[in-house]
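Working through the structure, step by step
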Amino acid sequence: MIFQGIWPSGDFTAVDSLVVSLIAIVLVFLVLIIVILVTHGITIAQDKADSVVKIKPRPENKILEDDKDAVAAVLAATIDFHKETGKDAEVKSIERIDE
């Protein structure tokens, strides 16, 4: 056993095994609580930052609020443009063309 070298008594009984198991379980839960607290703190900080920064959509891109498929269409168009020309694309405005 690994614990025989560090355990005070020479015998490692079932009770000793339970103590080691409980210590390990408590340590795991302490680490989980620390992770939860850290992520909760990060979430609170992100919410504060989001409340301070207000990003308003450009009026000419109002279609993005009305049509959720427009985002996918713009992404597909920019990827296709990049594949054909090898240049980067910059979307300045979006409008629907009725056919």
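Quick caveat, the model's predicted, so the values are computed rather than measured.

1. Digging into the overall build of the chain
Across its full length, the chain carries three helices and zero strands. The order of α-helices and β-strands along the chain, N terminus first, is α-α-α. Taking as baseline every contact in the chain between residues at least 6 positions apart, the subset at least 24 positions apart corresponds to 38%. Summed over all atoms, the accessible surface of the chain reaches about 8,900 Å², with 66% contributed by carbon and sulfur.

2. Focus: the layout of surface pockets
In this structure, the largest pocket occupies an estimated 170 Å³ of space. Taken together, 12 residues make up the lining of the largest pocket; nearest its centre are Ala70, Ala73, Val74, Ile94 and Glu95. For the lining of the largest pocket, the leading source of residues is helix H3 (residues 69–85), giving six residues.

3. Considering H3
For H3, which comprises 17 residues, the first-to-last C-alpha distance of 24 Å matches the rise-based estimate of 24 Å (1.5 Å per residue) to within 8%. At the C-terminal side of H3, Gly86 shows a positive phi close to 80°.

4. Things to note about a nonpolar patch on the surface
Residues Val15, Val19, Ile23, Val26, Leu27, Leu30, Ile33 and Leu37 make up a contiguous nonpolar surface patch of about 720 Å² in total accessible area. Take Leu37: it is sitting in helix H1 (residues 14–52). Residue class for Leu37 comes out exposed when judged on its relative accessible area of 56%.

How each quantity is defined
- Residues numbered from 1 in each chain as written.
- Predicted model: local features only at pLDDT ≥ 70, side-chain atom pairs only at ≥ 80, totals over all residues.
- Heavy atoms only, no water.
- Helix = DSSP H or I, 4+ residues; strand = E, 2+ residues; numbered from the N terminus.
- Contact = heavy atoms within 4.5 Å.
- Areas by Shrake-Rupley, 256 points an atom, 1.4 Å probe, with all protein chains shown as cover.
- 1 Å grid on protein atoms, 1.4 Å probe; cavity = no way out; pocket = protein on both sides within 12 Å on 5 of 7 lines; lining within 4 Å.
- Points joined across faces, edges and corners; volume = space filled by probe spheres on them.
- Expected span 1.5 Å × (residues − 1).
- Patch = residues over 30% accessible without salt bridge, like charges linked within 9 Å, V, L, I, M, F, W, Y side chains within 5 Å.
- Salt bridge = Lys/Arg side-chain N within 4 Å of Asp/Glu carboxyl O.
- Buried < 20%, exposed > 50% of the residue type's maximum accessible area, 1.4 Å probe, protein only.

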